[in-house]
Amino acid sequence: MQTGFVIPLWADLTAVALGGIQGALFASGFRGQRRLDLLGVTVIGIVIGMGGGLIRDLLLGVAPATLQSDWYLITAVASSLVGMLVAPPLQRLNGVIVGLDAVVIGMFGAFGTSKALALGLPPVPAVFVGVIAAVGGGVLRDVIMALPVAVMHVGSLYAIAAAGGSAVLALLHAVGVDLPVAAVVGIAVTCVVRLLAVVFDVSLPEQRNLHRRRVAAETGVIPVVRPPGRG
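Model, not experiment: these values are computed from the prediction.

### A closer look at the overall build of the chain
Within the chain, the secondary structure is distributed over 8 helices and 0 strands. Counting across all 231 residues of the chain, residues that qualify as buried make up 41%. A sequence separation of at least 24 residues applies to 77% of the contacts in the chain between residues at least 6 apart. When the accessible area of the chain is evaluated, it comes to approximately 12,500 Å², of which 69% is carbon and sulfur surface.

As structure tokens, this is what we get:
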């Protein structure tokens, strides 16, 4: 248990800032009835920037770091405003947005796993905390916007990338590598997995077996066995 380990404030704020910019870029892309005003875009930026760290600390049962300093909310708001300003030119640069997304996932996953390990959690629960921290902001965003939760649907290994980076981090820590070094490697692994998944359009297989069985039963291809006494 490395009780002396603390996530540097500058690193945590960097993750918040990148998350805020990413959230603003996402929110600025809505058109029609779903378009957001200045406050709405800022709220989404704050949710992405601060949501992962807040969920992480609630899972770990510690005081949320994002509420222990003025700089977290200031950084989230400021980065959201910056994201709105740079949204028009960046909307045409999909690679930049995907790269930013990979870095944000990697940082929140690594920080969540590192903090969990420093508090004495076993490797598997620590990786779980890291993955939840990595995807938590995106889940909150989708819930607020009444959108399908992205991490639950077929996509480019969103949570798997975070799990891979967090697992590598935990493995390196188990063999004696210092947490800061392991965290950097974990971020790099998450970024590489995420970017390769997007470039080569790799995703987990769809869950089709149950769907196919249901359709077959409904069309009479296979018999439906019912308990006696039921029509």
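### Thoughts on the nonpolar core
The nonpolar side chains of a soluble globular protein tend to be buried, and buried together. Ranked by internal contacts, the top residues of the largest apolar core, which has 28 residues, are Phe111, Leu117 and Leu169. Within the residue set of this core, elements represented by two or more residues are helix H1 (9–28), helix H3 (70–90), helix H4 (94–118), helix H5 (123–144), helix H6 (158–174) and helix H7 (179–199). Considering each element in turn, this core owes the most residues, 10 residues, to H4. Setting aside residues up to four positions removed in sequence, Phe111 forms contacts with Ile7, Ala11, Asp12, Ala15 and Arg56.

### Focus: the packing of helix H2 (residues 38–60) against H3
At a closest axis distance of 8 Å, the pairing of H2 and H3 adopts a crossing angle of 125°. As the angle between them shows, H2 and H3 are arranged oblique. The hand of the H2/H3 crossing is right-handed. Facing H2, whose interface residues are Leu38, Val41, Thr42, Gly45, Ile46 and Met50, H3 presents Tyr72, Leu73, Ala76, Val77, Ser80, Leu81 and Met84.

### Thoughts on unusual backbone geometry
What you tend to see is this: most non-glycine residues have negative phi, and most peptide bonds are trans. One non-glycine residue, Ala146, lies in the positive phi region at around 55°. When you line up the elements, Ala146 lands in the loop between H5 and H6. Even without glycine at this site, Asp201 takes up a positive phi of about 55°. In this structure Asp201 comes out as exposed when scored by relative accessible area, which is 64%.

### A few points about the pattern of salt bridges
Counted under the stated rule, the structure contains 5 salt bridges. Note that Asp57 and Arg56 form a salt bridge whose closest N and O atoms lie 3.0 Å from each other. In this structure Arg56 comes out as buried when scored by relative accessible area, which is 1%. Between Arg141 and Asp142 there is a salt bridge, with the nearest N and O atoms lying 3.0 Å from each other. Summarising the burial analysis for this pair, Arg141 and Asp142 share the class buried.

### Focus on the environment of Cys191
Relative to the helices and strands, Cys191 resides in helix H7. Between the C-alpha atom of Cys191 and that of Val104, which follows or precedes it by 87 residues, the distance is 8.8 Å. When neighbours within four sequence positions are excluded, Cys191 is seen to be in contact with Ala102 and Val103.

### Thoughts on H6
With 17 residues, H6 ought to run about 24 Å at 1.5 Å a step, and its terminal C-alpha atoms sit 25 Å apart, in line with that. By the burial criterion, the buried members of H6 are Tyr158, Ala161, Ala162, Gly165, Ser166, Leu169 and Ala170. Seen from one end, H6 has its buried residues packed into an arc of 165°, which puts them on one side. Among the exposed residues of H6, those pointing more than 90 degrees away from its buried face are Leu171 and Ala174. On its buried face, H6 sits against H4, H5 and H7. Positive backbone phi, approximately 105°, marks Gly176, located one or two places after H6.

### Regarding a nonpolar patch on the surface
Residues Val192, Leu196, Val199, Phe200 and Val202 make up a contiguous nonpolar surface patch of about 490 Å² in total accessible area. Within the secondary structure, Val192 sits in helix H7. Take Val192: its relative accessible area is 46%, and that puts it in the partly exposed class.

Rules of the game
Residues numbered from 1 in each chain as written. Predicted model: local features only at pLDDT ≥ 70, side-chain atom pairs only at ≥ 80, totals over all residues. Heavy atoms only, no water. Helix = DSSP H or I, 4+ residues; strand = E, 2+ residues; numbered from the N terminus. Buried < 20%, exposed > 50% of the residue type's maximum accessible area, 1.4 Å probe, protein only. Contact = heavy atoms within 4.5 Å. Areas by Shrake-Rupley, 256 points an atom, 1.4 Å probe, with all protein chains shown as cover. Core = buried A, V, L, I, M, F, W, Y, C linked by side-chain atoms within 4.5 Å. Axes fitted to C-alpha atoms, helices over the stretch in contact; angles between N-to-C directions. Parallel < 35°, antiparallel > 145°, perpendicular 65-115°, else oblique. Left-handed = near helix turned anticlockwise from the far one by under 90°. Salt bridge = Lys/Arg side-chain N within 4 Å of Asp/Glu carboxyl O. Expected span 1.5 Å × (residues − 1). Arc of directions from axis to C-beta. Patch = residues over 30% accessible without salt bridge, like charges linked within 9 Å, V, L, I, M, F, W, Y side chains within 5 Å.

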